[in-house]
Amino acid sequence: MPDDIDRAQFREQQYQEDCERERRYQAAKNALAYTGECHYCGAITGGGARFCDADCRDDWERAERMKKINGRGS
């Protein structure tokens, strides 16, 4: 049975995940304009989507993180 400390740690973890998700969303929203093409693979997108699917979005984010780690990103 979880005690107060367990519940507090769980809420803190949820808060951290929510903050990271919002930060990633805002960064992508501000950095990537809708072009009608996937920013990762170039496939045609519609409805304001910047990526054709979640896999391309995740791959793009991973590539951007690697650029920053290697000193080549913004």
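Structure: see above.
The paragraphs below set out a description of the structure included in this document. Residue numbers restart at each chain and count upward from 1, following the sequence in its written direction. Two thresholds apply to this predicted model, a pLDDT of at least 70 for residue-level local features and 80 or more for giving and counting side-chain atom pairs, whereas whole-chain, interface and lining totals are computed over all residues. Think of the side-chain values as coming from all heavy atoms in the structure, minus any hydrogens and water.

Structural notes on the nonpolar core
Here is step 1: The nonpolar core is taken to be a set of buried Ala, Val, Leu, Ile, Met, Phe, Trp, Tyr and Cys residues, with the residues joined through side-chain atoms within 4.5 Å. Only protein chains enter the area calculation, which uses a 1.4 Å probe; residues under 20% of their type maximum are buried, those over 50% are exposed, and those in between are partly exposed. By size, the foremost hydrophobic cluster in this structure holds 5 residues: Leu-32, Cys-38, Phe-51, Cys-56 and Trp-60.
Here is step 2: Note on definitions: a residue-residue contact is assigned when non-hydrogen atoms from the two residues lie within 4.5 Å. Residues in contact with Trp-60, not counting those within four places in the same chain, are Leu-32, His-39, Tyr-40 and Phe-51.

Observations regarding the packing of aromatic side chains
Here is step 1: Geometry of aromatic contacts follows a simple scheme: Phe, Tyr and Trp rings, the Trp one being its six-membered ring, pair when their centres are within 6.5 Å, and the pair is stacked under 30 degrees between planes, edge-to-face over 60, tilted otherwise. Using the criterion set out here, one finds 1 aromatic pair in the structure.
Here is step 2: Ring geometry for Phe-51 versus Trp-60: centroids 5.5 Å apart, planes at 50 degrees, classification tilted. In this structure, Phe-51 and Trp-60 share a single accessibility class: buried.

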